[in-house]
Amino acid sequence: MVDKLVNSEANARRIQMVESCFGSSGQPLYVPGRVLVGEGVLTKMCRKRPKARQFFLFNDILVYGNIVIGKKKYNKQHLIPLEEVQLQALEDNGQYRNGWLIRTATKSFAVYAATQTEKQEWMAHINKCIEDLLRKSGKKPVENHAAVWVPDSEANICMHCKKTQFTMLIRRHHCRNCGAVVCGPCSSKKFLLPGQSNKPLRVCLDCYDNLSSMKREENKGLNANNNKPVTSPESSGDDDSDDEEEPKDTHDQPKFYGDEKPEK
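As the structure is a computational prediction, the values presented were derived from the model and not from experiment.

Cut-offs and rules
- Residues numbered from 1 in each chain as written.
- Predicted model: local features only at pLDDT ≥ 70, side-chain atom pairs only at ≥ 80, totals over all residues.
- Heavy atoms only, no water.
- Helix = DSSP H or I, 4+ residues; strand = E, 2+ residues; numbered from the N terminus.
- Buried < 20%, exposed > 50% of the residue type's maximum accessible area, 1.4 Å probe, protein only.
- Contact = heavy atoms within 4.5 Å.
- Areas by Shrake-Rupley, 256 points an atom, 1.4 Å probe, with all protein chains shown as cover.
- Core = buried A, V, L, I, M, F, W, Y, C linked by side-chain atoms within 4.5 Å.
- Phe/Tyr/Trp six-rings, centres within 6.5 Å; stacked < 30°, edge-to-face > 60°.
- Salt bridge = Lys/Arg side-chain N within 4 Å of Asp/Glu carboxyl O.
- Disulfide = S-S within 2.5 Å.
- Expected span 1.5 Å × (residues − 1).
- Arc of directions from axis to C-beta.
- Patch = residues over 30% accessible without salt bridge, like charges linked within 9 Å, V, L, I, M, F, W, Y side chains within 5 Å.
- Polar contact = N/O pair within 3.5 Å; in protein donor to acceptor, adjacent residues only side chain to side chain.
- pLDDT = per-residue confidence, 0-100.

Peer 1: What exactly am I supposed to notice about the overall build of the protein chain here?
Peer 2: Helix and strand content of the protein chain: four helices and 12 strands. Expressed as a percentage of the 264 residues in the protein chain, the buried residues total 42%. A fraction of 55% describes how many contacts in the protein chain between residues 6 or more apart in sequence connect residues 24 or more apart. Here the protein chain has roughly 15,000 Å² of accessible surface; of this, 49% comes from carbon and sulfur atoms.

The structure is reproduced here in structure tokens:
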């Protein structure tokens, strides 16, 4: 049914509406062959706390942004190519229910739907789009994905040294390789993680040692020693960019357009 919506006026209007809701802060979304499959509000687990985010599922990308005005305006647009996405269902845990992980090579995070039915609908539609996209392109699924960051609220002390207690002055850092919350001294080094960035990123000491050991073994096998990891005691300074307040009561049932009859 998605193929039947490609050239429909309804699909073009929907994509134009999404573009207008992001305004100048967003990228143009209309390209030939792109279909808006569904949209709705999901709770995204951000660095400090869970927050409502507006998600738009297209047949080739997943887009989300901060809700400025419910159903009318969004900002901080994020585009994720579906070719890079892998989903993983999460078990219900206390207040966190109906969730799953969205894994990509550069960033991975958890999202939660309002009901089990909505979770199943979202996951089914996303997986179908990924399956169709990979089948048409002939590409293989991405195997390496970025770690999911442990939320700040789940770590009062450094997860590496088990000693340093976080305060207003002693800030939390995240290892870009394993996602653990660590103190400055326990994450004073950086390592090049090509899947996430072309610059060395902050990693904890355990990951640095493991990655360095793996790199040495790799260099031995290749008989090359010119790709040494870079170290730096500086803070990475790249906190979760979508970490801000959002309007309350933004939830509405998601809409999926793939089963609708296209307008002529």
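Peer 1: Looking at this structure, how should I read the nonpolar core?
Peer 2: A general trend in soluble globular proteins is that nonpolar side chains are found buried together. In terms of nonpolar packing, the biggest core is built from 40 residues, with F55, L82, W100 and I102 touching the most fellow members. Secondary structure elements with two or more residues in this core: α2 (9–22), β1 (36–45), β2 (50–58), β3 (61–69), β4 (73–81), β6 (99–103), β7 (109–112) and α3 (116–137). No other element matches α3, which puts seven residues into this core. With residues up to four places along the chain from it excluded, the contact list for F55 reads G38, E39, G40, L42, L62, V63, Y64, I102, F109, V111 and W122.

Peer 1: Looking at this structure, I do not really get the packing of aromatic side chains. What am I missing?
Peer 2: How two aromatic rings sit relative to each other is given by the distance of their centres and the angle of their planes. Within the structure shown, the criterion is met by eight aromatic pairs. Taken together, a centroid distance of 6.1 Å and an interplanar angle of 65 degrees make the contact between F22 and F56 edge-to-face. With F22 in helix α2 and F56 in strand β2, this residue pair connects regions lying 34 residues apart in the sequence. Judged on exposure class, the residue F22 and its partner F56 are both buried.

Peer 1: Just to check I follow, could you spell out the pattern of salt bridges for this structure?
Peer 2: Where charged atoms from two side chains of opposite charge come close, those side chains can pair. Scanning the entire structure with this criterion turns up eight salt bridges. With its nearest N and O atoms 3.2 Å apart, the salt bridge here joins R47 to D152. Note that R47 is positioned in the loop between β1 and β2 and D152 in the loop between α3 and β8 (173–174), a separation of 105 residues in sequence. Comparing R47 with D152, the two get one shared label, buried. One continuous salt-bridge network, built from bridges that share partners, spans K128, D132 and R135.

Peer 1: Looking at this structure, I do not really get the state of the cysteines. What am I missing?
Peer 2: Any covalent bond linking the sulfur atoms of two cysteines counts as a disulfide. Counted according to the given criterion, the structure contains zero disulfides. C178 carries a free sulfur, and the closest cysteine sulfur to it, the one in C175, is 3.6 Å from it.

Peer 1: Would you take a moment to explain unusual backbone geometry for this structure?
Peer 2: Note: most residues except glycine have negative phi, and most peptide bonds are trans. One non-glycine residue with positive phi stands out, namely N98, at about 60 degrees. You can see N98 is positioned in the loop between β5 (86–89) and β6. Residue classification places N98 among the buried residues on the basis of a relative accessible area of 9%. Phi at K162 takes a positive value of approximately 65 degrees, unusual for a residue other than glycine. By secondary structure assignment, the location of K162 is in the loop between α3 and β8. The exposed category is assigned to K162, whose relative accessible area is 55%.

Peer 1: Explain helix α4 (residues 205–222) here, please?
Peer 2: Between its first and last C-alpha atoms α4 spans 25 Å; for 18 residues at 1.5 Å apiece the expected length is 26 Å, and the two agree. Taken as a whole, α4 has its buried residues at C207, Y208, L211, S212, K215 and N219. Projected down its long axis, α4 carries its buried residues within an arc of 125 degrees, all on one side. Away from its buried face by more than 90 degrees, α4 exposes N210, M214, R216, K220 and G221. On its buried side, α4 packs onto β10 (189–191) and β11 (201–203).

Peer 1: Even after reading the chapter, I still don't get the environment of V2, so can you show me in this structure?
Peer 2: Among the structural elements, V2 can be located in helix α1 (residues 2–5). Judged by relative accessible area, V2 falls into the partly exposed class, the value being 24%.

Peer 1: I would appreciate a short explanation of a nonpolar patch on the surface in the present structure.
Peer 2: Among the surface-exposed residues, M168, L169 and I170 lie close enough to one another that they form a single nonpolar patch of about 420 Å² accessible area. Along the chain, L169 falls in the loop between α3 and β8.

Peer 1: Is there a simple way to think about the side chain of S212 in this case?
Peer 2: As for its placement among the helices and strands, S212 is situated in helix α4. Its relative accessible area of 6% is what places S212 among the buried residues. A polar contact is formed between the side chain of S212 and the backbone oxygen of Y208, at a distance of 2.7 Å.

Peer 1: What is the right way to look at the confidence of the model for the protein chain in this model?
Peer 2: Detailed reading of the predicted model is not advised wherever pLDDT is low. Summing up the model confidence of the protein chain, the mean pLDDT is 85 and the portion of residues at 70 or higher is 85%. Low pLDDT, under 50, characterises residues 228–243; the predicted model gives this stretch 43 contacts beyond four residues in sequence or across chains.

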